Amino acid sequence: MSGLVSVIVPTRNSADTIGPCLESIRRQTHPEVELIVVDNSSSDGTKQIAARFADAVLDKGPERSAQRNAGASVASGAHLMFIDSDMNLEQGVVAECVELADEGHAAVVIPETSFGSGYWARCKALERSCYLGDETIEAARFFTRDTFEAVGGYDESIPYGPEDWDIHARVRASGGRVGRTRSMIHHDEGRLGLGETVATKYYYGKATEQYIRKHGALARQQLTVLRPAFFRQWRRLASDPVAAAGMLFMKACELAAGAAGLIAARLRSSG
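Residues numbered from 1 in each chain as written. Predicted model: local features only at pLDDT ≥ 70, side-chain atom pairs only at ≥ 80, totals over all residues. Heavy atoms only, no water.

(A) Quick look at the overall build of the protein. In terms of regular secondary structure, the protein is built from 13 helices and 10 strands. The globule rule puts the C-alpha radius of gyration for 271 residues at 18 Å, and the 18 Å found for the protein is close to it. Judged by the C-alpha coordinates and their principal axes, the protein covers about 50 × 45 × 40 Å. Taken across its 271 residues, the protein has 55% of its residues classed as buried. Restricting the contact set of the protein to residue pairs at least 6 apart, pairs at least 24 apart contribute 79%. Put simply, the protein shows about 11800 Å² of open surface, and 53% of that area lies on carbon and sulfur atoms. Measuring between centres, the 31 positive side-chain charges of the protein sit 6 Å from its 34 negative side-chain charges. (Helix = DSSP H or I, 4+ residues; strand = E, 2+ residues; numbered from the N terminus. Rg over C-alpha atoms; globule rule 2.2 N^0.38 Å. Buried < 20%, exposed > 50% of the residue type's maximum accessible area, 1.4 Å probe, protein only. Contact = heavy atoms within 4.5 Å. Areas by Shrake-Rupley, 256 points an atom, 1.4 Å probe, with all protein chains shown as cover. Lys, Arg positive; Asp, Glu negative; His and termini not counted. Charge placed at Lys NZ, Arg CZ, Asp CG, Glu CD.)

Given below as structure tokens:
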């Protein structure tokens with residue numbers, strides 16, 4: 001396994017989660033890791049925490065796609081990995097990604113689980129467990145530099161929300177092979193509230209129009225309550241019916257919020 005991996009982490013007021021995230025990146029077994037944090041005007045100590053771990057801390061906004069592209073533009077690595085500030089990596093993630101790149105993969109999916117406290121975090125963890133291995137939902141977070149540059153990086157007209165799905169789809173369309181690690185990312189939901197996740201989906205909904213225009217058929221598969229993964233994983237859902245009921249209610253609320261965000265964005269652009 002060879003090659004420097006530049007791990008790029010966009011942040012905004014991430015002080016509650018950024019420490020464990022960056023620690024997990026520094027604990028990787030792969031020996032060549034460059035860590036770049038790209039902060040968007042945090043006011044909660046995020047940058048001070050990042051400075052203890054990162055090789056570079058940049059200031060860039062307004063949203064994740066622009067932050068990630070900014071990090072990639074200064075990165076030195078032959079490989080680029082994009083991690084959110086509330087994610088913790090198992091120790092072998094980077095090494096497995098590089099091994100897959102050495103085998104000819106252009107990009108790599110890292111499977112994700114969720115953890116947190118409270119009922120809604122339990123529902124979210126159940127939901128995410130249904131997506132393991134689902135190619136319509138999982139998206140690559142690791143790219144060879146050549147691949148990332150060939151597809152044009154993240155589309156800044158999709159500033160957040162489905163930006164991961166978009167770049168994954170473009171890599172696929174270019175003919176790039178996409179691998180998948182065994183090691184995982186663990187997504188820290190904290191004490192998740194229904195209002196919080198609904199507000200997030202409303203915010204994301206405002207950025208989905210360009211994605212829908214680019215990937216209409218795929219977007220219709222992804223942006224639905226009754227995703228095919230839920231039918232495939234019916235035994236998993238049946239094993240925890242209380243969380244499954246909450247998960248479906250939460251998905252319905254999220255979809256409604258996302259649609260409201262999309263409509264709001266369209267009204268603003270037409271006005």
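(B) Spotlight on the nonpolar core. One finds V7, V9, L22, I25, M81 and I83 to be the most contacted residues of the largest nonpolar core, which totals 28 residues. Contributions of two or more residues to this core are made by β1 (5–11), α1 (18–26), β2 (33–39), α2 (46–53), β5 (87–89) and α4 (93–102). Each residue touching I83, except ones within four places of it in the same chain, is listed here: V7, I8, V9, P10, C21, L89, R141 and I185. (Core = buried A, V, L, I, M, F, W, Y, C linked by side-chain atoms within 4.5 Å.)

(C) Spotlight on the state of the cysteines. Using the criterion set out here, one finds 0 disulfides in the structure. C21 provides the cysteine sulfur closest to C97, a residue in no disulfide bond, and the two sulfurs are 14 Å apart. Free cysteine C253: the closest other cysteine sulfur is in C123, separated by 11 Å. (Disulfide = S-S within 2.5 Å.)

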